[in-house]
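# Remarks on the overall topology
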Amino acid sequence: MDLQFTDAENSFRLKLRDWLSSVIPQLPHEPHRNDWIGRREYDSMWQRMLFDAGFAGINWPREYGGLGATPTEHLIFLEETERARAPYVGQNFVGLLHAGPTLITEASAEQKAFHLPAILKGEHIWCQGFSEPGAGSDLASLSCRAIRDGDDYVISGQKIWTSFGHTADYCEMLVRTDTDVPKHRGITWLIVPMGLPGMDVRPLRTLEGSTEFCEVFFDEVRVPVANRVGDENDGWRVAMVTLSFERGTAFVSEMLQSMELARDLAQLAKRVTRNGVTAWDDAGLRRDIGRICAELDALWALTKRNISQAQRTGLVGPGGNVFKLAYAELRSRLGELAMHLLDRASLSIDDIADLPTHAHVHGRIHALSLGIAAGTSQVQRNIVAERILGLPKER
Ligand SMILES: Cc1cc2nc3c(=O)[nH]c(=O)nc-3n(C[C@H](O)[C@H](O)[C@H](O)COP(=O)(O)OP(=O)(O)OC[C@H]3O[C@@H](n4cnc5c(N)ncnc54)[C@H](O)[C@@H]3O)c2cc1C
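Worth saying up front: this structure is predicted, and the values here are computed from it rather than measured. (Residues numbered from 1 in each chain as written. Predicted model: local features only at pLDDT ≥ 70, side-chain atom pairs only at ≥ 80, totals over all residues.)

### What about the nonpolar core?
Quick note on the threshold: We define the nonpolar core as any set of buried residues of the types Ala, Val, Leu, Ile, Met, Phe, Trp, Tyr and Cys, connected via C-beta atoms lying within 7 Å of each other. Once C-beta atoms are placed from the backbone, each residue is buried if 20 or more other C-beta atoms lie within 10 Å of its own, exposed if 12 or fewer, and partly exposed for counts between those two. Here a helix means four or more residues in a row that DSSP labels H or I, a strand means two or more in a row labelled E, and each is numbered from the N terminus. For the purpose of contact definition, each residue receives a C-beta atom placed from its backbone, and two residues are in contact when these atoms lie within 7 Å.
Trp126, Leu190 and Leu265 are the most contacted members of the largest nonpolar core, which has 82 residues in total. Top element by residues in this core is helix H9 (residues 319-342). It accounts for 10 residues. Every residue in contact with Leu265, bar those within four places of it in the chain, is listed here: Ile289, Leu337, Ala338 and Leu341.

Here it is as structure tokens:
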């Protein structure tokens, strides 16, 4: 690993730190977690503040309004925003981290001119319409159909697990445009405005009682051919472009939050008493917290190694898969330990009895989704087995 901070990177850190310390204390309270409209406004406000201060689109190229930051500067940005407890990217996630980067590489000049500034300023929220009831890990099996009719595609079918589908303005969507070719070769990438006639967005309630996801149904929805990105039937390649853009930084904020959560847990253990002694007096519990903190440190080192490699070679490589797999499992153990410590209080997702239950119970439930989103743990294991261990490929 040769990740070292240059003078320029250190001064970037200080400039950002100064700005964050001047604006964070002025921010309004975050809306309630189920106030999706309020949260959209809050996320957009923060994105606009970043834009006005010149910190929006940290890893987007300068010619498209970004900062053109290196992976190391991106890491600094994530470290500093997390340290200052700045708002998370929130509902701007898909626009900034998926759709925007794809448009930068693949879209027409008109598409870029219209969409990229609106994403950077937090004016347009995007969602991702990739997964379907029969196509998740095996995404290329997707069957939502788009049939060409003059200057339009006519879309019929269903998408599922569409995060922020109920608040988004646009959807980056994969559709099946040819059923007579091998499955990867009959897919097209479309920009779909939300709320078109024939579109039905139905929020799904999660284990937490929240409605972060939606099902989206399409009944002969007409989308102009001009909204296509890339060639017809070349959508699989277009979708893969996005993956090469993040270069190891996807879970850095998460990771820093988890380190904070582990430290909070140690403090909590000193406050919780059982049979006249604090939970911290239990050597077994101290050892469990210590082990989790040590493993988080090890994963942090792996993150820096991955980013350092990405800076040198442009690719994270399978180190990214190892990280994702280990992190999802570690976060799950951290959550279990918190539940054990909180005992009956862990039945409440809202803070109760002067204990920070929300952060830990939410963290435990969130850990479940980490083993599924962005490639399930089983799929990560397959990749590690094939690409690192050289085991035979899955049939
Ligand atoms: C928090 C979160 C946000 C999401 N947001 C979006 C979004 O905005 N847009 C979107 O399109 N999708 C989104 N998804 C969906 C996500 O991409 C899928 O859930 C994921 O790809 C897994 O697909 P699946 O749910 O269909 O499970 P499946 O692929 O059906 O998997 C079911 C089980 O089978 C296992 N399995 C599957 N294939 C293999 C294999 N080859 N070898 C071994 N085991 C295997 C899996 O590991 C899993 O345990 C989100 C999911 C989560 C959790």
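Following the structure, the description resumes.
### Focus: the site of the ligand
Quick note on the threshold: For each residue, a C-beta position is placed from the backbone atoms; the residue is near a molecule or strand when that point lies within 6 Å of it. Each residue gets one of three labels, nonpolar for Ala, Val, Leu, Ile, Met, Phe, Trp, Tyr, Cys and Pro, charged for Asp, Glu, Lys and Arg, and polar for the others, Gly among them. What fixes the domain bounds is an automatic or database domain assignment.
In the vicinity of the ligand lie 18 residues, with Phe130, Gly136, Ser137, Thr376 and Gln378 positioned nearest. Those elements giving two or more residues to the shell around the ligand turn out to be strand E1 (126-129) and helix H11 (377-388). Tallied by class, the residues present in the shell around the ligand amount to 6 nonpolar, 11 polar and 1 charged. Domain assignment of the residues forming the shell around the ligand places at least three in each of domain 2 (126-235) and domain 3 (252-388).

### Notes on the domain arrangement of the protein chain
Here the protein chain is partitioned into domain 1 (7-88), domain 2 (126-235) and domain 3 (252-388). Computed from C-alpha coordinates alone, the two centres of domain 1 and domain 2 are separated by 30 Å.

### Digging into helix H7 (residues 252-271)
Rules: Take the number of residues in a helix, subtract one, and multiply by 1.5 Å to get its expected span.
With 20 residues, H7 extends 29 Å between its outermost C-alpha atoms, agreeing within 8% with the 28 Å of an ideal straight helix rising 1.5 Å per residue. For H7, every residue scored as buried is listed here: Val252, Met255, Ser258, Leu261, Ala262, Leu265, Leu268 and Ala269. Where H7 is buried, its residues meet helix H3 (71-83), strand E10 (277-278), helix H8 (283-313), H9 and helix H10 (357-370).

### Things to note about the environment of Gly100
Its place among the elements puts Gly100 in helix H4 (residues 93-106). Classification of Gly100 by C-beta neighbours within 10 Å gives buried; the count is 29. Each C-alpha atom of the pair Gly100 and Arg17 lies 26 Å from the other, and the pair is 83 residues apart in sequence.

### Quick notes on the packing of H8 against H9
The following threshold applies: Angular values range over 0 to 180 degrees, each being the angle between N-to-C directions of two axes fitted as lines to C-alpha atoms, with helices fitted over their stretch in contact. In these notes the angle categories are as follows: under 35 degrees is roughly parallel, over 145 is roughly antiparallel, 65 to 115 is roughly perpendicular, and the rest is oblique. For any helix crossing, the convention is left-handed if the near helix is rotated counterclockwise from the far helix by under a right angle, and right-handed if that rotation is clockwise.
As a packed pair, H8 and H9 sit with axes 10 Å apart at the nearest point and diverge in direction by 160 degrees. Judged by the angle between their axes, H8 and H9 are roughly antiparallel. The interaxial crossing formed by H8 with H9 has left-handed handedness. Contact residues: Asp288, Ile289, Ile292, Glu295, Leu296, Leu299, Leu302, Thr303, Arg305, Asn306 and Gln309 in H8; Gly319, Gly320, Val322, Phe323, Ala326, Tyr327, Leu330, Arg333, Leu334 and Leu337 in H9. Classifying every residue of the contact of H8 with H9 by side-chain character gives 12 nonpolar, 5 polar and 4 charged.

### A few points about H4
Condition: Take the seven residues that end at a residue and the seven that start at it, fit an axis to each, and the angle between those axes is the bend at that residue.
If you check H4, its first and last C-alpha atoms are 19 Å apart, about what 14 residues at 1.5 Å a residue would give, namely 20 Å. If you look at H4, its biggest bend is around 40 degrees, right at Ala99, and the proline Pro101 turns up within four residues after that.

### A word on the pairing of strand E2 (residues 145-149)
The condition that has to hold: Pairing between strands is defined by DSSP: at least two bridges between them are needed.
Looking at chain direction, E2 and strand E3 (residues 152-159) are connected through 5 bridges and run antiparallel. Note on E3: the bridge partner recorded for Arg145 is Ser156. Hairpin remark: E2 followed by E3, antiparallel, with 2 residues in the connecting loop; positive phi at Gly150, about 65 degrees.

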